[in-house]
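# Chains, contacts and geometry: an overview
Okay, here's what each chain looks like letter by letter:
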Amino acid sequence: MRLRFSRGVITIAIIVVVLAVGISVGLFHLLKRTKPLAVAPEPGCTVRTPLGKRELDFEQAEISATIAAVAARRRLPERAVVIAFATALQESKVYNLDYGDRDSVGVFQQRESQGWGTKKQLMDPVYATNKFFAALEKVKNYRKIPVAEAAQEVQRSAGGYAYAQHEPEAKLLAAAFTGRVPRAVHCWYPPGKKTPAPQPRTTEARKQLARALGSTAVTSERRGWLISAWLVSYSQKYALRQVGYAGATWKNDVKLENWQTGGKAGTTQVELS
């Protein structure tokens with residue numbers, strides 16, 4: 001049986017099809033021009049050196065900065081910092097863990113029963129790092145032997161070979177946090193919605209820096225960048241908004257991915273606010 005359609009029905013059908021095509025084309029071009037909604041990145045830190053890039057959360061960045069500061073206080077070479085980072089990456093992923101195998105705790109998973117200190121002491125990254133370096137300094141030729149071998153001499157781990165896999169990342173972190181590579185540590189955190197906004201706790205920040213580093217005086221440009229990296233890493237904890245050193249400025253600004261050239265800060269002091 002043949003179906004017959006009037007000219008009116010056919011005309012209406014054609015109009016509907018044309019309108020549908022037109023609307024579809026219009027929506028396509030509209031969506032093409034529309035920019036996607038920007039999504040704020042997660043709070044945290046980015047470490048960049050010629051060796052590569054590494055993302056850290058604030059706890060990892062704070063502990064990394066502390067390890068480098070304690071090493072500087074003890075006047076240890078960068079090699080010692082590399083060994084410490086390789087150890088921390090393997091033992092805790094650079095977190096201050098309150099648990100571990102048997103009674104192991106802290107960044108380096110040191111044990112109270114093995115004479116490293118009390119649990120409370122070992123949960124203090126400054127104390128734990130000092131204990132690690134004190135043991136490392138007793139290792140013969142630790143500056144020349146393989147990183148994994150030096151770490152194992154300190155840790156006496158059941159799987160000492162595992163430290164070797166972290167050496168590349170440890171070198172990247174050491175270059176940044178010791179200050180050898182300038183502007184290497186950049187962090188961001190959401191400022192919050194409190195009114196008025198929390199005031200930067202600069203005095204407290206400097207006090208805690210001194211606890212790890214000793215004197216906070218800038219005696220060399222490398223030391224200045226170490227201090228800068230420490231302050232940026234602890235920016236969230238102390239509500240710091242800006243750090244300036246050697247003609248460069250870090251700001252807690254989600255739009256910025258790096259330190260910016262400019263600012264009045266020279267090389268004799270690290271400015272913070």
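Residues numbered from 1 in each chain as written. Predicted model: local features only at pLDDT ≥ 70, side-chain atom pairs only at ≥ 80, totals over all residues. Heavy atoms only, no water.

Further remarks concern the state of the cysteines. Every disulfide links exactly two cysteines, by a covalent bond between their sulfur atoms. Counted according to the given criterion, the structure contains one disulfide. Sulfur-sulfur distance for the disulfide between Cys45 and Cys187 comes to 2.0 Å. Between Cys45 and Cys187, the S-S torsion sits near 105°, and that sign places the bridge as right-handed. Pair noted here: Cys45 is in strand β1 (residues 44–49) and Cys187 is in strand β5 (residues 185–188), with a separation of 142 residues, a long-range link. Of the two residues, Cys45 and Cys187, both sit in the buried class. (Disulfide = S-S within 2.5 Å. Helix = DSSP H or I, 4+ residues; strand = E, 2+ residues; numbered from the N terminus. Buried < 20%, exposed > 50% of the residue type's maximum accessible area, 1.4 Å probe, protein only.)

Turning our attention to helix α2 (residues 58–73). For α2, built from 16 residues, the straight-helix expectation of 22 Å at 1.5 Å per residue is met to within 8% by its first-to-last C-alpha distance of 22 Å. Burial within α2 is extensive, with 13 of its 16 residues counted as buried. At the N-terminal end of α2, a side-chain oxygen is found 3.2 Å from the backbone nitrogen of Glu59, two or three residues along, and the residue is Asp57. Residue Arg75 follows α2 closely and has a positive phi angle near 55°. (Expected span 1.5 Å × (residues − 1). Polar contact = N/O pair within 3.5 Å; in protein donor to acceptor, adjacent residues only side chain to side chain.)

Moving on, we come to the layout of surface pockets. Considering only enclosed or pocket space, the largest pocket measures out at about 400 Å³ in volume. In terms of lining, the largest pocket is formed by 19 residues, of which the most central are Ser104, Gln109, Gln155, Arg156 and Ser157. Of all elements in the fold, only α3 (78–92), β4 (110–111) and α6 (147–155) reach the threshold of two or more residues within the lining of the largest pocket. Looking at the lining of the largest pocket, its residues break down into six nonpolar, eight polar and five charged. (1 Å grid on protein atoms, 1.4 Å probe; cavity = no way out; pocket = protein on both sides within 12 Å on 5 of 7 lines; lining within 4 Å. Points joined across faces, edges and corners; volume = space filled by probe spheres on them. Nonpolar A, V, L, I, M, F, W, Y, C, P; charged D, E, K, R; others polar.)

Sheet architecture is open: four strands sit in the order β8-β7-β6-β9, paired in antiparallel fashion. If you trace the sheet from one side to the other, it starts and ends with β8 (260–261) and β9 (271–272), each paired once. Note: strand β7 (residues 248–251) against β8, two bridges, orientation antiparallel. In the strand pairing of β8, Ala248 is matched with Thr261. Those strands touched by helix α9 (residues 221–233) are β6 (242–245), β7 and β9, and its axis lies near 175° from that of β6. (Pairing = 2+ DSSP bridges. Contact = heavy atoms within 4.5 Å. Axes fitted to C-alpha atoms, helices over the stretch in contact; angles between N-to-C directions.)

By the secondary structure assignment, Lys131 is in helix α5 (residues 125–136). Of the residues examined, Lys131 reaches a relative accessible area of 28% and is grouped as partly exposed. As a C-alpha pair, Lys131 and Gln110 span 21 residues in sequence and 9.2 Å in three-dimensional space. If we skip the residues at most four places from it in the chain, Lys131 touches Gln110, Gly115 and Trp116.

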